[in-house]
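Spelled out, the chains give:
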Amino acid sequence: MKIYVMSVLVDDQSKALEFYTKTLGFVAKHDMPIGGEDRWLTVVSPEDPGGTELLLEPSGHPAAKPFKDALVKDGIPAASFKVDDVDAEFKRLRDLGVRFTTEPMDAGTVRMAVFDDTCGNLVQIIEMIEK
Amino acid sequence: MNADQLDHIFRALADPTRRRIIDRLREQPDQSLFQICAASVAEDGKAISRQAVTQHLDMLEKSGLIRVTWSGRTKIHSLDLKPLREAVEIWLARHLQEGNGR
């Protein structure tokens, strides 16, 4: 068994595609209509195009909004991505206008930061620290 | 400051986890609940559950020792030492003055 796709519930799929590709730097992999306005829309990391896909899933289900709002209120990320250098990535994203709720900080074996994905979620980036 | 407020403050202080949260916010103000939890793991490997931190933060907020602001829709916590100073002045200080007791 393999983990081939994981999802984040996004408020607006077009806006999400824009943010996850143009700002974060992921690459679109699948984009298929699945009924109504909804699309099966996935992105992958350019560093691992055959790797796990991230599904930018429509958040139309009535349970999605209260769930997402509660996570955002407490600062809890809906997804976590690994980077080589959290501080460099923080500067790059901040200069692109990304809003951070947690600036780079050490948390045990990782260094991490948390930002707003503009689609109703917080996203964490982490760097593994050699100790 | 009335007796109830004084109770809230001393009750808020009467717990090691809440004092730890106060210590953390003193070192680093403006933290979300998630950040406080993450930092507690980093500090000494002893994680505090999110549910527990939520309850502790509510109590600290009620006592006035924590001030809440918002970063977008994320709740951000900082220390407010004013109520603590008042509590010290109106109750503790009387007992700590030189010449009283031992």
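Residues numbered from 1 in each chain as written. Chains lettered and ligands numbered in written order. Predicted model: local features only at pLDDT ≥ 70, side-chain atom pairs only at ≥ 80, totals over all residues. Heavy atoms only, no water.

If you check an unreviewed UniProt entry, chain B appears there as Transcriptional regulator from Devosia nitrariae.

For chain A, the name recorded in an unreviewed UniProt entry is VOC domain-containing protein, with Devosia nitrariae as its organism.

1. Points about the sheet that holds strand S8 (residues 122–128) of chain A
Residues and elements named next belong to chain A. With mixed pairing, the four strands of this open sheet are ordered in space as S5-S8-S7-S6. The open sheet has two free edges, formed respectively by strand S5 (79–82) and strand S6 (100–107), since each of these has just one partner strand. Within this sheet the neighbouring strands show an average axis-to-axis angle of 20 degrees, counted without direction. In this structure, S6 lies alongside strand S7 (residues 110–116), joined through five bridges in antiparallel fashion. Within S7, the residue paired with Ala-107 across the bridge is Val-110. (Pairing = 2+ DSSP bridges. Helix = DSSP H or I, 4+ residues; strand = E, 2+ residues; numbered from the N terminus. Axes fitted to C-alpha atoms, helices over the stretch in contact; angles between N-to-C directions.)

2. Some remarks on the interface of chain B and chain A
Contact with chain B, which involves 14 residues of that partner, is made by 20 residues of chain A. Around 1400 Å² of area is buried between chain B and chain A when both sides are counted, 58% of it from carbon and sulfur atoms. If you sort the residues of chain B by the area they bury against chain A, B:Phe34, B:Arg73 and B:Thr74 come out on top, with a joint share of 42%. For the pair chain B and chain A, the number of links is one salt bridge. Between B:Arg73 and A:Asp69 there is a salt bridge; the shortest N-O distance is 2.7 Å. Elements with a minimum of two residues in the side of chain B that touches chain A: helix H3 (33–44), strand S1 (66–71) and strand S2 (74–79) of chain B. A per-element tally of the side of chain B that touches chain A places H3(B) first, with six residues. (Contact = heavy atoms within 4.5 Å. Buried area = accessible area lost by both parts, 1.4 Å probe. Salt bridge = Lys/Arg side-chain N within 4 Å of Asp/Glu carboxyl O.)

3. So, the packing of helix H2 (residues 16–27) of chain B against helix H4 (residues 50–63) of chain B
A pair of packed helices is characterised by two quantities: the angle between their axes and the separation of those axes. Residues and elements named next belong to chain B. Running from N to C, H2 and H4 point in directions that differ by 75 degrees, and their axes come no closer than 10 Å. Put simply, H2 runs roughly perpendicular to H4. Packed against H2, whose contacting residues are Thr-17, Arg-18, Ile-21 and Ile-22, the element H4 presents Val-53, His-56, Leu-57, Met-59 and Leu-60 at the interface. Taken together, the residues of the contact of H2 with H4 break down into six nonpolar, two polar and one charged. (Parallel < 35°, antiparallel > 145°, perpendicular 65-115°, else oblique. Nonpolar A, V, L, I, M, F, W, Y, C, P; charged D, E, K, R; others polar.)

4. With respect to the side chain of A:Thr102
Tracing the backbone shows A:Thr102 in strand S6. Within the local environment of A:Thr102, its side chain forms a polar contact with the side chain of B:Gln35, the two groups lying 3.2 Å apart. In contact with A:Thr102, not counting residues within four places along its chain, are A:Met112, A:Ala113, A:Val114, B:Ser32 and B:Gln35. (Polar contact = N/O pair within 3.5 Å; in protein donor to acceptor, adjacent residues only side chain to side chain.)

5. Regarding the packing of helix H1 (residues 3–13) of chain B against H4(B)
Residues and elements named next belong to chain B. Two numbers describe how H1 lies on H4: the axes approach to 8 Å, and their chain directions differ by 145 degrees. Judged by the sense of rotation from one axis to the other, the crossing of H1 with H4 is left-handed. The residues of H4 that touch H1, namely those facing His-8, Ile-9, Arg-11 and Ala-12, are Met-59, Leu-60 and Ser-63. Split into classes, the residues belonging to the contact of H1 with H4 amount to four nonpolar, two polar and one charged. (Left-handed = near helix turned anticlockwise from the far one by under 90°.)

6. Re the pattern of salt bridges
Residues and elements named next belong to chain A. Applying the stated criterion across every chain, the model contains eleven salt bridges over all chains. Notably, a salt bridge pairs Asp-11 with Lys-68, separated by 2.6 Å at the nearest N-O pair. Taken together, the residues span a long stretch of sequence, with Asp-11 in the loop between strand S1 (5–10) and helix H1 (13–23) and Lys-68 in helix H2 (residues 64–73) at a distance of 57 residues. The exposed category is assigned to Asp-11, whose relative accessible area is 53%. The buried category is assigned to Lys-68, whose relative accessible area is 4%. Two residues, Arg-92 and Glu-89, come together in a salt bridge whose shortest N-O distance is 2.8 Å. (Buried < 20%, exposed > 50% of the residue type's maximum accessible area, 1.4 Å probe, protein only.)

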